[in-house]
Amino acid sequence: MPESLTHLDRNLSPDPVKKRASKSPDNRRTDTAGDSQRLDTWLWAARFFKTRQLAAAAIDGGKIELDGQTVTKRGKAVRVGDRLVIGKAGVRFVVDVEALNPRRGPASEAERMYRETPESIEKRRLVSEQRRAERELNPHHKPAKQARALLRALRGKSF
């Protein structure tokens, strides 16, 4: 064998001195993919946020609570049974984590990842109705021609 190829062969052959990582249970990570997941990934996979970056921004902004504590780290572990309070666009979701999924799937799969509390559903419905009523009372647009005519008639003006 030419000498120029011997050094290549030596570099490719396994070094007998190096120890390989054993596959014993002692070397495994304690938080396997089956029992916990990063918070930002879970929020993204459960479709609360469109991107992981938006989920991370919500966590950094203090809009997420995990079991009553405001979360400040994106990589905080979420487990089945945890309770999350998610603040998004002025609305608060209170959900219990039902499942973990590291990949973002269809909405039907995402809905199975959590269960929203009945109190949270009712509060969101009330807030939604209140916002709708406020929009009707205080529109941010010019009324249509027919509505303007009705308003003039109510005010007693004919022009």
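What comes next is a walk through the structure.

Turning next to the overall build of the protein chain. Each helix and strand counted, the protein chain has 6 helices and 7 strands in total. Ordered by position in the sequence, the α and β elements of the protein chain form the string α-β-α-α-β-β-β-β-β-α-β-α-α. Per-residue burial for the protein chain yields a buried fraction of 23% across its 159 residues. By sequence separation, contacts in the protein chain at least 24 residues apart represent 43% of the contacts at least 6 residues apart. Accessible surface computed for the protein chain: about 12500 Å², of which carbon and sulfur atoms make up 53%.

Evaluated as defined, the whole model comprises 4 aromatic pairs. Ring centres 6.4 Å apart and planes at 70° place the aromatic pair Trp-42 and Tyr-114 in the edge-to-face group. With a gap of 72 residues between them, Trp-42 in helix 2 (residues 39-45) and Tyr-114 in strand 7 (residues 114-116) connect regions that are remote in the sequence. On the basis of relative accessibility, which here comes to 0%, the residue Trp-42 falls in the buried class. Taking 4.8 Å as the distance between ring centres and 45° as the angle between the ring planes, the aromatic pair formed by Phe-48 and Tyr-114 counts as tilted. Within this pair, whereas Phe-48 is found in the loop between helix 2 and helix 3 (52-60), its partner Tyr-114 is found in strand 7, the two being separated by 66 residues in sequence.

In this structure the tally under the stated criterion is 8 salt bridges. Between Asp-40 and Arg-52 there is a salt bridge whose closest N-O contact spans 3.2 Å. Within this pair, whereas Asp-40 is found in helix 2, its partner Arg-52 is found in helix 3, the two being separated by 12 residues in sequence. Overall, Arg-52 belongs to the partly exposed group, its relative accessible area being 37%. A salt bridge links Asp-60 to Arg-74, with the nearest nitrogen and oxygen atoms 2.5 Å apart. Of the two residues, Asp-60 sits in helix 3 while Arg-74 sits in the loop between strand 3 (69-70) and strand 4 (77-78), which places them 14 residues apart along the sequence. Relative accessible area serves as the criterion here: at 46%, Asp-60 is assigned to the partly exposed category.

Attention now moves to the nonpolar core. In terms of nonpolar packing, the biggest core is built from 21 residues, with Trp-42, Leu-43, Phe-48, Ile-64, Leu-84 and Ile-86 touching the most fellow members. Going through the elements one at a time, helix 2, helix 3, strand 2 (64-66), strand 5 (83-88) and strand 6 (91-97) are the ones with two or more residues in this core.

Each value, and the rule that gives it
Residues numbered from 1 in each chain as written. Predicted model: local features only at pLDDT ≥ 70, side-chain atom pairs only at ≥ 80, totals over all residues. Heavy atoms only, no water. Helix = DSSP H or I, 4+ residues; strand = E, 2+ residues; numbered from the N terminus. Buried < 20%, exposed > 50% of the residue type's maximum accessible area, 1.4 Å probe, protein only. Contact = heavy atoms within 4.5 Å. Areas by Shrake-Rupley, 256 points an atom, 1.4 Å probe, with all protein chains shown as cover. Phe/Tyr/Trp six-rings, centres within 6.5 Å; stacked < 30°, edge-to-face > 60°. Salt bridge = Lys/Arg side-chain N within 4 Å of Asp/Glu carboxyl O. Core = buried A, V, L, I, M, F, W, Y, C linked by side-chain atoms within 4.5 Å.

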